Amino acid sequence: MTLITVENLSVRYGANTILHNVEMTVEAGEIVTIVGPNGSGKTSLLRAIIGATKPSAGRVMLKPGLKIGYVPQKLHIDPTLPISVERFMRLTDPVSREQCVDALEAAGVPDLLKRQMSQLSGGQFQRVLLARALINRPDVLLLDEATQGLDQPGSAAFYHQIEEVRRETGCAILMISHELHVVMSASDRVICLNGHVCCEGSPAVVASAPEYRALFGTGTGGALALYRHDHDHDHDQCEHSQEAAE
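This structure is a prediction, so every number in the text was calculated from the model and none was measured. (Residues numbered from 1 in each chain as written. Predicted model: local features only at pLDDT ≥ 70, side-chain atom pairs only at ≥ 80, totals over all residues. Heavy atoms only, no water.)

1. Digging into helix H3 (residues 97-106)
The criterion, for reference: Only protein chains enter the area calculation, which uses a 1.4 Å probe; residues under 20% of their type maximum are buried, those over 50% are exposed, and those in between are partly exposed. The way it works is that DSSP assigns letters per residue, a run of H or I at least four long becomes a helix, a run of E at least two long becomes a strand, and they are numbered from the N terminus. By construction, the arc corresponds to the directions joining the helix axis to the C-beta atoms. Any pair of residues with heavy atoms lying within 4.5 Å of one another is described as a contacting pair.
Taken residue by residue, H3 has Cys100, Ala103 and Leu104 as its buried positions. Buried residues along H3 cover an arc of 100° about the axis, so they all sit on one side. In H3, the exposed residues that point more than 90 degrees away from the buried face are Glu98 and Glu105. Against helix H2 (85-89) and helix H4 (122-134) lie the buried residues of H3. Where H3 ends, the next residue or the one after it, Gly108, has phi of about 85°, a positive value.

This is the structure in structure tokens:
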């Protein structure tokens, strides 16, 4: 079942074209990762999907009744503000304590309910944001570079938890990241973006694509060799757009 369909999407800010004729889908239960260099339009694409950015052309179609959970790139909370994790989880939705506990458990931090937000480590803070995104049992979870600022072990642990979330809840996951060596290994499908869709397919197929290597260098392919054999290549496609990103 298709949850999200993006058709011929273009996004402009003033005279600058950020995205041009982007097409993609997200199917139920799959993990899709969007990779691309700085300024490639990854966050603009996510913002268009959630309705925070209006496309200049094209459209985004969501399955009727689709529930979306969103984990932002960063969230600043005044460290002098006395707010517990439980209170933070219940700020905008009338959810029960049991729902909060269940969501924290799904995010891998079941013991943080009474902790102050200001006392959390960076990794714990991101897990709480993940829990808040999961609290209403979304059909699809969107993550906008949710591990920014975490060290490599912290990032790896976070993305391992994302795989667990998918396994336990069945929700689809659409995420963007710079951490190719960590995040692509968790993906069913990878979309390489640079203002347009350069190529897409399984991690192994994208890693070997000339468009991907032109953006990230040939050395990135070696990091993917460890799991390349786990993927079926028969149905993967790698498409190259003739349009140049602006």
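So, next bit.
2. Considering the sheet that holds strand S6 (residues 140-144)
Note the threshold: Following DSSP output, two strands are said to pair if at least two bridges run between them. Interaxial angles span 0 to 180 degrees and are taken between N-to-C directions of axes, which are lines fitted to C-alpha atoms, for helices over the stretch in contact.
Spatial ordering of the open sheet is given by S5-S6-S7-S3-S8-S9, a layout of 6 strands whose pairing is mixed. The sheet is open, and its two edges are formed by strand S5 (68-71) and strand S9 (197-201), each paired on a single side. Ignoring strand direction, the axes of neighbouring strands in this sheet form an average angle of 15°. Pairing analysis gives 4 bridges linking strand S3 (residues 31-35) to strand S7 (residues 172-176), with the strands arranged parallel. For Thr33, the partnering residue across the bridge sits in S7 and is Met175. Along the sheet, helix H1 (residues 42-50) contacts S3, S5, S6, S7 and strand S8 (189-193); its crossing angle with S6, the most-contacted strand, is approximately 145°. The sheet strands contacting H4 are S5 and S6, and the helix crosses S5 at an angle near 165°.

3. With respect to helix H5 (residues 152-169)
Where we set the bar: To estimate how far a helix should reach, multiply one less than its number of residues by 1.5 Å. Nitrogen and oxygen atoms within 3.5 Å of one another constitute a polar contact, given that in protein one can donate a hydrogen and the other can accept it, and given that sequence-neighbouring residues count only through two side-chain atoms.
For H5, built from 18 residues, the straight-helix expectation of 26 Å at 1.5 Å per residue is met to within 8% by its first-to-last C-alpha distance of 26 Å. Turning to H5, its buried residues are Ser155, Phe158, Tyr159, Gln161, Ile162 and Val165. With its buried residues spanning 150° around the axis, H5 presents them on a single face. In this structure, H5 carries Gln152, Pro153, Arg167 and Glu168 as exposed residues pointing more than 90 degrees from its buried face. Near the N-terminus of H5, the side chain that reaches the backbone nitrogen of Gly154, with its oxygen 2.8 Å away, is that of Asp151. Just beyond H5, the residue with positive phi is Gly170, at close to 80°.

4. Examining the layout of surface pockets
In plain terms, the rule: Using only the protein atoms, space was sampled on a 1 Å grid; points where a 1.4 Å probe fits but cannot get out form cavities, open sets with protein on both sides within 12 Å along at least five of seven lines form pockets, and lining residues are those with an atom within 4 Å of a point. Grid points are joined across faces, edges and corners, and a volume is the space filled by probe spheres set on the points. Side-chain classes follow a simple rule in which Ala, Val, Leu, Ile, Met, Phe, Trp, Tyr, Cys and Pro form the nonpolar group, Asp, Glu, Lys and Arg form the charged group, and the remainder, Gly included, forms the polar group. Source of the domain bounds: an automatic or database domain assignment.
The calculated volume of the largest pocket comes to roughly 360 Å³. Mapped by element, the contributors of at least two residues to the lining of the largest pocket are H3 and H5. Looking at side-chain class alone, the lining of the largest pocket contains 7 nonpolar, 3 polar and 5 charged residues. Composition of the lining of the largest pocket by domain shows at least three residues from each of domain 1 (25-67 + 139-217) and domain 2 (78-136). Space inside the second largest pocket adds up to approximately 280 Å³. Forming the walls of the second largest pocket are 18 residues, and the residues nearest its centre are Tyr70, Asp93, Leu129, Arg132 and Ala133. Among the elements of the structure, S5, H2 and H4 are those that each provide at least two residues to the lining of the second largest pocket. The greatest single-element share of the lining of the second largest pocket, amounting to 4 residues, is contributed by S5. Tallied by class, the residues present in the lining of the second largest pocket amount to 12 nonpolar, 3 polar and 3 charged.

Function-wise, these values are silent; they only describe arrangement.
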